[in-house]
Structure formats: structure tokens, C-alpha cells
Amino acid sequence: MHQRRSPEDINANRARYEEHQKKGLEFAPKSLSGFSPLVEPAIDEAHVIHREVVPGGWYWSTKVRREETLRVSLQQGFSSVALIAWSSADTSERMNLPDTVKMQWTTGLSKGRVIFSDMGRVMFSITEDSCGAHDCLVGGSNEKTNARYEGSELRDTRDNFIKLAMKIGLNRRDIPAAFTLFAPVRVDSDGGFFWNPALLNGADYIHLRAEMDMIVGFSNCPHPLDPNPAYAPNPVTITRVAAQPVGLDDLCRTATAEAVRGFENNAFAQL
């Protein structure tokens, strides 16, 4: 029979949590570098490996090599884009958002932060980001969340990712929790989720540098909390850019103790 914890036990657990959090945050810089300029930095076309425009409602997957960058940009209007990823070397290693949040003590994944795998390795570094309005808590849409829209057979992220996984020889059990770009989800004082459009700038973009060889999937469907009553995702442009040299003082690789350990795990796996 389950016994309810006493107030003393609850307070003791909270104190231990806050002590661990304090130690984790002490290593981190007092502030990261802030958001990227609203005007997208130019990319030398000689470095562009591929450019894909993903229509509203559709999905796309690509292989990406270590130190290549994926730029996701809203050049044709607003959309929320869900992202998942697996290691190319072993697809049982996949993106893990709960660990990403716990190890960096934040749900605010923006410029200077990293995204971890379930093996404690770094999968992505966020090297540029114009808004910081991304969701690592709610996840993507499904048939039930799409029921609020008029019309039939509207695509959703859950079904898109199932189709995507099957095409690469995986199944629905292999699909990790999705990181949704350009979804300004925040938590209110009562612990509820709400949509804060003031965090968006319009033609936003994000750069995700791959820190291992991966298979990456995208789904361009409305987020479950998007207040727009119409199903109206716009096309999203994804550009795969060739690897560029990374300095030893790179912000993403040095900002937190957890990131440092994650990159050490990456290096050990490459031996």
C-alpha cells in the first residue's frame, strides 16, 4: 500500500533538489549571449549541401554529418516545426528532451544551449537563434488535437513521424519526444502551459549544429497550443550547411559543466 509522504520528507527532497540545482547553475555563465540578430546571417552558397522547403502539413527527413549545420527559417510566414533525431551509428540512441532539460536546469533552449541524447551525448548545439521561442514540454500535434479544425484528413505530427520512422526502418516505439521550434510555450504560476506570441519576431530562424552523425526528422504542423482557429502552416525552409571549424572556446561546448561532460562522452565514443 502506497504511503503518503510527510511534509518533512517533501521539504527535505525539495532542499536536496535546490542544492543540486545551485551547484549546476554556479558553473554556467551569468547570461548567455542573447538572441541572434533578426536578419539572418548570410550563408556562402558554396557551403550549402541541400535546401528543402517543407510544405505546411508535411514532413521531411535528412541525414546530417557531425559539425554540419541545419538552418530552419520562417521565410514564408509563421509555422511551428517539430524535430526528432537518432544517431546514424545506432538508432537506439535518440534525442532525449527530459535529460536535456534536467542537465541544463532550464526549459529555455536557445542560443548557447545543447540537446542531449539518451546516452548522455550531445546531439545538437544551438549556435544561432533569433527568438528562443521553442517548446520542449508539450510535444507535437496528433489526430485528437487536430479535431478542433474544420476539414478532414489534416496531417498531424504524430502520424507524420510514424510514416517517417517506418520509411527508415523504425517504428512508433522508436519515436522520441519532439522539440518544437517556433512554438512560444511558457508555464504560468499555476503550472499550466500557455502560448505567448510576443516572443516571436516574424521571420525567425535557428541554427542547429550537429555534434554527431544523425538522421533528423521534421514535421511542419500546427502546435497543439497554437490559438489560430485555422489549420494554416506555412512552408518552412531548411538548409543543410557544410561543416565549419569549431573553436575550443565555442560557447555551446563550454557554457555548462553538463555540456562539457556531454562533449567528453562524444569524444570517447569516437575513439
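Above this text you will find the structure in question.
Throughout this document, residue positions are counted from 1 along each chain, in the order its sequence is written. Local features in this predicted model are restricted to residues of pLDDT 70 or higher, and side-chain atom pairs are both shown and tallied only at a pLDDT of 80 or more, whereas totals for entire chains, interfaces and linings draw on every residue. Side-chain numbers here rest on the full set of heavy atoms in the structure, without hydrogens or water.

**Digging into the pattern of salt bridges**
We define a salt bridge as a side-chain nitrogen of Lys or Arg found within 4 Å of a carboxyl oxygen belonging to Asp or Glu. Tallied over the entire structure, the rule returns 14 salt bridges. Glu93 is the partner of Arg121 in a salt bridge, and the nearest nitrogen-oxygen pair spans 2.9 Å. A residue pair is termed long-range when its members are at least 10 positions apart, and Arg121 in the loop between strand E5 (114-116) and strand E6 (122-129) and Glu93 in the loop between strand E4 (81-87) and helix H2 (97-104) qualify at 28 residues. On the basis of relative accessible area, Arg121 is assigned to the buried category, the value being 13%. Owing to a relative accessible area of 6%, Glu93 belongs among the buried residues under this scheme. Among the ionic pairs, Arg209 bridges to Glu211, the shortest N-O distance being 2.8 Å. Throughout this description, buried means an accessible area under 20% of the type-specific maximum (1.4 Å probe, protein chains only), exposed means over 50%, and partly exposed covers the range between. What makes Arg209 buried here is its relative accessible area of 6%. Taken together, the salt bridges that share partners define one network made up of Arg66, Glu67, Arg209, Glu211, Asp250 and Arg253. Strands are runs of DSSP state E lasting at least 2 residues, helices are runs of H or I lasting at least 4, and numbering of each runs from the N terminus.

**Things to note about a nonpolar patch on the surface**
A grouping of Leu137, Val187, Phe193 and Leu225 is seen on the molecular surface, where their side chains present a nonpolar patch of about 320 Å² in accessible area. With respect to the element layout, Val187 can be found in strand E8 (residues 185-187). Put simply, a patch holds well-exposed residues, over 30% relative accessible area, that have no salt bridge, with like charges counted together within 9 Å and Val, Leu, Ile, Met, Phe, Trp or Tyr side chains within 5 Å. Note on areas: Shrake-Rupley with a 1.4 Å probe; residue coverage comes only from the protein chains shown.

**What about the pairing of strand E3 (residues 69-73)?**
Burial runs high along E3: five of the five residues are buried. Of the two faces of E3, the one lined by Thr69, Arg71 and Ser73 and the one lined by Leu70 and Val72 are each fully buried. For two strands to be treated as a pair, DSSP must find at least two bridges joining them. One ladder, built from five bridges, connects E3 with strand E10 (residues 205-210); its direction is antiparallel. What sits directly across from Thr69, in E10, is Arg209. Relative to strand E12 (residues 236-241), E3 runs antiparallel, the two sharing five bridges. Residue pairing for E12: Leu70 is matched across the bridge by Arg240.

**So, the sheet that holds strand E11 (residues 214-219)**
Spatial strand order, E2-E11-E4-E7: four strands in an open sheet with antiparallel pairing. At either end of the open sheet lies a strand with only one pairing partner, and these are strand E2 (59-64) and strand E7 (179-181). This sheet shows a mean twist of 25° between the axes of neighbouring strands, independent of strand direction. The pairing of E2 with E11 spans six bridges and is antiparallel. Residue pairing across strands places Lys63 opposite Ile215, the latter belonging to E11. Sitting on the sheet, helix H4 (residues 157-167) touches E2, E4 and E11, and the angle it makes with E11 is about 150°. What counts as an axis is a line fitted to C-alpha atoms, over the stretch in contact for a helix, and the angles between N-to-C directions run from 0 to 180 degrees. The contact rule is simple, with two residues in contact once any of their heavy atoms fall within 4.5 Å.

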